[in-house]
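# Reading the structure
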Amino acid sequence: MAILDILHYPDARLHTVAQPVKAVDASIKRLIEDMAQTMYDAPGIGLAATQVNAHVQLILIDISESKDDLLVLINPKITERSGEQDYEEGCLSVPGVYDTVRRADRVTVQALDRDGKPFSLKAEGLLSVCIQHEMDHLLGKVFIEYLSPLKRNRIKNKMLKQQRDR
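Residues numbered from 1 in each chain as written. Predicted model: local features only at pLDDT ≥ 70, side-chain atom pairs only at ≥ 80, totals over all residues. Heavy atoms only, no water.

### Quick notes on the environment of H133
With respect to the element layout, H133 can be found in helix α2 (residues 125-138). Taking the C-alpha atoms as reference points, H133 and R103, separated by 30 residues in sequence, lie 8.9 Å from one another. Those residues in contact with H133 that lie beyond four places of it in its chain are E89, G90, C91, R103 and F143. Side chain to side chain, H133 and E89 meet in a polar contact 2.7 Å long. (Helix = DSSP H or I, 4+ residues; strand = E, 2+ residues; numbered from the N terminus. Contact = heavy atoms within 4.5 Å. Polar contact = N/O pair within 3.5 Å; in protein donor to acceptor, adjacent residues only side chain to side chain.)

Written as structure tokens, this is what we have:
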């Protein structure tokens, strides 16, 4: 297992649309293990393959306190959405930035698990937010794109300054 580099906004690669996983093979299983180690090390509760410069439809989520309940979603598709909620979000690709985003309160998602077996999951609250947030990454979208142009510009300038100061 390896800790992967996480792309930071405004890296253009974060806007790459992910391609479907064609086969759940050894390389995908290795990517899952590396992404899990990267997410837990960061520490974060969700990570999309796009964020580690692997442009395939793969997301990992673990919202458990004990960090031992890894949810793997390969080729996820949201089939139902209902309700609305405002939730303060953060992102490993936009470190130190948190803001409120409105999303569906409940979603149903269909995906493949780490063994390539199809399943369906109903999610609400934080899990629903995480699924939607990570799936946005697969579409090349970062959560700050839901914010006003003024806020986005301030965040972009802050991120560029942090990169220069490293």
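### A word on the pattern of salt bridges
For the coordinates displayed, the defined rule picks out 10 salt bridges. For D115, the salt bridge identified is with K29, shortest N-O distance 3.8 Å. Here K29 lies in helix α1 (residues 26-41) and D115 lies in the loop between β6 (106-112) and β7 (118-124), a separation of 86 residues in the sequence. In this structure, D165 engages K161 in a salt bridge whose closest nitrogen and oxygen atoms are separated by 2.8 Å. (Salt bridge = Lys/Arg side-chain N within 4 Å of Asp/Glu carboxyl O.)

### Quick look at α2
In this model, α2 (14 residues) spans 21 Å end to end at C-alpha, consistent with the 20 Å of a helix rising 1.5 Å per residue. The buried count for α2 comes to 12 of 14 residues, which makes it a mostly enclosed element. Buried within α2 we find L127, S128, V129, C130, I131, Q132, H133, E134, M135, D136, H137 and L138. Taken from the residues just after α2, G140 is the one with a positive phi, measuring 80°. (Expected span 1.5 Å × (residues − 1). Buried < 20%, exposed > 50% of the residue type's maximum accessible area, 1.4 Å probe, protein only.)

### Structural notes on the pairing of β6
Two elements, strand β3 (residues 71-82) and β6, share six bridges in a ladder whose sense is antiparallel. Across the sheet, the residue bridging to R81 is V107, located in β6. Linking β6 back to β7 in an antiparallel pair, the connection comprises five residues, with G116 at a positive phi of about 85°. (Pairing = 2+ DSSP bridges.)

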